[in-house]
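Structural features, examined
Here are the chains, one letter per residue:
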Amino acid sequence: MVKGISWLGALALLTAGLQGQVPDDAFYRVLTYEVPKGLNLEVGGMASLPDGRLAVAIRRGEVWIIQNPLADPPTVENLGYKRFASGLHELLGMAWHDGHLYVTQRSEVTRLADTDGDGEADEYLAVARGWGVSGAYHEYAYGPVFDREGNLHNSLNSSMGKKWKGAGADAEKPLWRGWTVLTPKGGGRATGFSAGYRSPSGIGTNAEGEIFVTDQQGNWMPTNPLFHVRKGAFFGHGDSLQDMQRPDSPVKHPGKLPEGITTAEAMRVIPGYQPPAVWFPYVKAGQSPTGLRCDLTGGKFGPFAKQLFVGEFVISGLHRVFLEKVDGEYQGAVFPFVQDLQCAVLSLDFLQDGSLVVGQTNRGWNSYGNRPFGIQRLVWTGRTPLEVAKLEARPDGFRFSFTRPVAATDWSRTQAQSFTYTYTAKYGSPEIDPQPLQLTDWALSADGLELTVRCANLRAGYVHEFVLPDVRTRDDGTPLRRNYAAYTLNRIPAR
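Notes on the structure in this doc start here. Note that residues are indexed from 1 along each chain, following the sequence as it is written. With the structure being a predicted model, the display of local features is reserved for residues of pLDDT at least 70 and the display and counting of side-chain atom pairs for 80 or more, all residues being used for whole-chain, interface and lining totals. Only heavy atoms go into the side-chain values, all of them from the structure, while hydrogens and water stay out.

When its secondary structure is counted, the chain shows four helices and 35 strands. Judged by the C-alpha coordinates and their principal axes, the chain covers about 65 × 55 × 40 Å. Computed with the Shrake-Rupley method and a 1.4 Å probe, the accessible areas treat only the protein chains shown as cover for residues. Carbon together with sulfur atoms contributes 48% to the accessible area of the chain, which is approximately 18,800 Å² in total. Side chains of the chain give 50 positive and 51 negative charges; the mean places of these two sets differ by 4 Å. Helix and strand labels come from DSSP, where a helix needs a run of H or I of at least four residues and a strand needs a run of E of at least two; each type is numbered from the N terminus. Charge counting follows a simple rule: Lys and Arg are positive, Asp and Glu are negative, and His as well as the terminal groups are ignored. Where a charge lies is defined by one atom per residue type, namely NZ (Lys), CZ (Arg), CG (Asp) and CD (Glu).

Strand pairing in a sheet is mediated by backbone hydrogen bonds. Such pairs are either parallel or antiparallel. Judged by pairing direction, the sheet is antiparallel, and its four strands sit side by side in the order β2-β3-β4-β5 without closing on themselves. With one partner strand each, in any of the chains shown, β2 (43–48) and β5 (81–85) form the two edges of the open sheet. In this sheet, adjacent strand axes meet at a mean angle of 25° when their direction is disregarded. In this scheme, strands are said to pair when DSSP sees at least two bridges between them. For β2 and strand β3 (residues 54–58), the ladder comprises five bridges, and the chain directions are antiparallel. Lines fitted to C-alpha atoms define the axes here, with helix axes fitted over just the stretch in contact, and angles between the N-to-C directions of these axes take values from 0 to 180 degrees.

This part covers the pattern of salt bridges. Within this document, salt bridges are pairs made up of a side-chain nitrogen of Lys or Arg and a carboxyl oxygen of Asp or Glu, the two lying within 4 Å of each other. The final tally for this structure, using the stated rule, is 24 salt bridges. Salt bridges linked by common partners bring Glu42, Arg60 and Arg363 together as one network.

Below, the discussion takes up the packing of aromatic side chains. Within 6.5 Å between ring centres, the rings of Phe, Tyr and Trp (the latter by its six-membered ring) count as paired, and their orientation is classed by plane angle as stacked under 30 degrees, edge-to-face over 60, tilted in between. Per the counting criterion, the structure on display carries 26 aromatic pairs. An aromatic cluster of three or more residues is present, and its members are Tyr28, Phe301, Phe304, Phe309, Phe337 and Phe350. A cation over a ring is seen here: Arg320 above Phe335, with NZ or CZ 4.3 Å from the ring centre. By the criterion adopted, a ring carries a charge over it if an Arg CZ or a Lys NZ lies within 6 Å of its centre and within 35 degrees of its normal. The ring of Phe337 has Arg481 lying over it, and the distance from NZ or CZ to the ring centre is 5.0 Å.

Mapped onto the secondary structure, Leu439 falls in strand β32 (residues 439–444). Here the alpha-carbon distance between Leu439 and Gly272, two residues 167 residues apart in the chain, equals 34 Å.

A surface patch of negative charge is lined by Asp116, Asp118, Glu120 and Asp122. Checked against the element boundaries, Asp118 lands in the loop between β8 (108–113) and β9 (123–129). Taking the relative accessible area as the measure of exposure, Asp118 reaches 44% and is therefore partly exposed. Patch construction takes residues with relative accessible area above 30% that form no salt bridge. Like charges are linked within 9 Å, and nonpolar side chains (Val, Leu, Ile, Met, Phe, Trp, Tyr) are linked within 5 Å. Using a 1.4 Å probe on the protein chains alone, a residue whose accessible area is under 20% of its type maximum counts as buried, one over 50% counts as exposed, and one in between counts as partly exposed.

A word on the side chain of Asp349. The residue Asp349 is located in strand β24 (residues 345–350) in this model. The class of Asp349 is buried, set by a relative accessible area of 11%. As used in this structure description, the phrase polar contact means that two N or O atoms lie within 3.5 Å; if the pair is within protein, one of them must be able to donate a hydrogen and the other to accept it, and residues adjacent in sequence are counted only when both atoms belong to side chains. Among the polar contacts made by the side chain of Asp349, one reaches the side chain of Arg293 at a distance of 3.3 Å. Residues are treated as being in contact if the distance between any of their heavy atoms lies within 4.5 Å. Every residue in contact with Asp349, bar those within four places of it in the chain, is listed here: Met46, Ala47, Ser48, Arg293, Ser355, Leu356 and Val357.

Moving on: the nonpolar core. In this description, a nonpolar core means a group of buried Ala, Val, Leu, Ile, Met, Phe, Trp, Tyr and Cys residues linked to one another through side-chain atoms lying within 4.5 Å. If you look at the biggest cluster of nonpolar residues, it comprises 48 residues, and the most contacted ones within it are Leu226, Phe234, Phe280, Leu308, Val321, Leu323 and Tyr423. Among the elements that make up this core, the one with the highest residue count is strand β19 (residues 278–280) (three residues). Formed by 28 residues, the second largest nonpolar core is a distinct cluster that contains Leu386, Val406, Leu458 and Leu489.

Once that is clear, we can look at the sheet that holds strand β22 (residues 317–326). One open sheet holds the eight strands; their spatial order is β20-β21-β22-β23-β35-β34-β29-β31, and the pairing between them is antiparallel. The open sheet has two edge strands, β20 (289–294) and β31 (432–436), and neither has a second partner. Each neighbouring strand pair of the sheet contributes to a mean axis angle of 25°, computed without reference to strand direction. Here nine bridges tie β22 to strand β23 (residues 329–338), and the two strands are oriented antiparallel to one another. Residue Arg320 lies in a different strand from β23, and its bridge partner there is Phe335.

What follows concerns unusual backbone geometry. Residue Asp72 is joined to Pro73 through a cis peptide bond whose omega torsion reads 10°. Tracing the sequence through the fold places Pro73 in the loop between β4 (62–66) and α2 (76–79). In this structure, Pro144 follows Gly143 across a cis peptide bond, with omega equal to 0°. The residue Pro144 is located in strand β10 (residues 141–146) in this model. We note that Asp98 has phi near 50°; this positive angle belongs to a residue other than glycine. Mapped onto the elements of the fold, Asp98 is located in the loop between β6 (94–97) and β7 (100–104). Asp98 sits in the exposed class, given a relative accessible area of 62%. The backbone of Trp220 shows a phi angle near 70°, a positive value even though the residue is not glycine. By secondary structure assignment, the location of Trp220 is in the loop between β16 (211–214) and β17 (224–228). Classification of Trp220 as buried rests on a relative accessible area of 11%.

What follows is the structure, given as structure tokens:
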């Protein structure tokens, strides 16, 4: 049996494991884009274009095209900034689809086109609208993303704060707030798709084209989650209940929401409630997850093919998420990846060379990074870090897969525990009902790439957290780059 780890103990170990690693370590170079003087590049969305250029949407309502995003050094002159569009309202998302740029404004999705070929948009076409806007500060709209059929999806913040009386009916009950909405292929009016979100600031797809959303800790959200979006799903936030009464709602009203139960209990007693695929333990795995992108680079960004990279606002960094399906539903693990970037991360995209561009802005909240805005690019050096590539659930424990062969060590020094959260309308939740994991029978494969362990006290609906001991590669003693992992065990595999 291994001793459980306290919140402060895990944080101390995690922080120690991160210090001195990023930016500018041996595995990922961090290049900081120079920004033209006078341009407040508060990045709300980015899209890599087929010709290699990078489109950047900023919160102040403009779209800029960076002509040479792979420039090194990334000076203003080498990058080549050119304004493409302007006069828009609070851009918090962008996508390239079927030959056009799509941007999400506060009240609509707009398709931009340059019909005369002069390098500037001259056609602004509203292709998606139909959600409520009352003037409340937090009524953000994010996206869009396109599903496999070409439909548009957006995620909408719950309505928080003072509303404008002139908004009419939306001043009382703004439509579809705290929902994701679908607009059919070709454009039209958005309708509710899934419900129960608080502030779903990141929306993207996995390698299979399925949609995922990040959300923020607060009321009904005990910590930060990653949700797998499906039509008719309810993810727990009470503000979305009012629109479930509508005849066009695909989500069935769950009835009065209980107070003070655990999220594990909520999975059993709230009709239709869907847990997140992954919980991000607060502080240890960030404080505010944002944009997400799937690594479809085919190995150009390192040994994490088809995994999700998730931006982090407060700690100015990134996390990595491994997902697997158990009984047909996604669950998985979160790993710290990068911190100490220059500014809060809001959006991500991969460039043609496989590098990852990170769009940043500190507007509205504070982050560890002290710059007000910017873009940085992470470039894999070609040297493979020692990481836990995958953490998979088994019927009687877990399997760790490493990116490089590891040497035997005293695995009993692993610190591990499980815990859950309180489901409540109050703001956030501490980790509750903690229990040390009873780990035995550690077994390292002959090739040093897989480590299995039995766990006598797996608990469905609980986060299972690990801080690994001193793990090093067999060949040259390279240490484990990140020793923290947290697996959300919604279901225990049957076999």
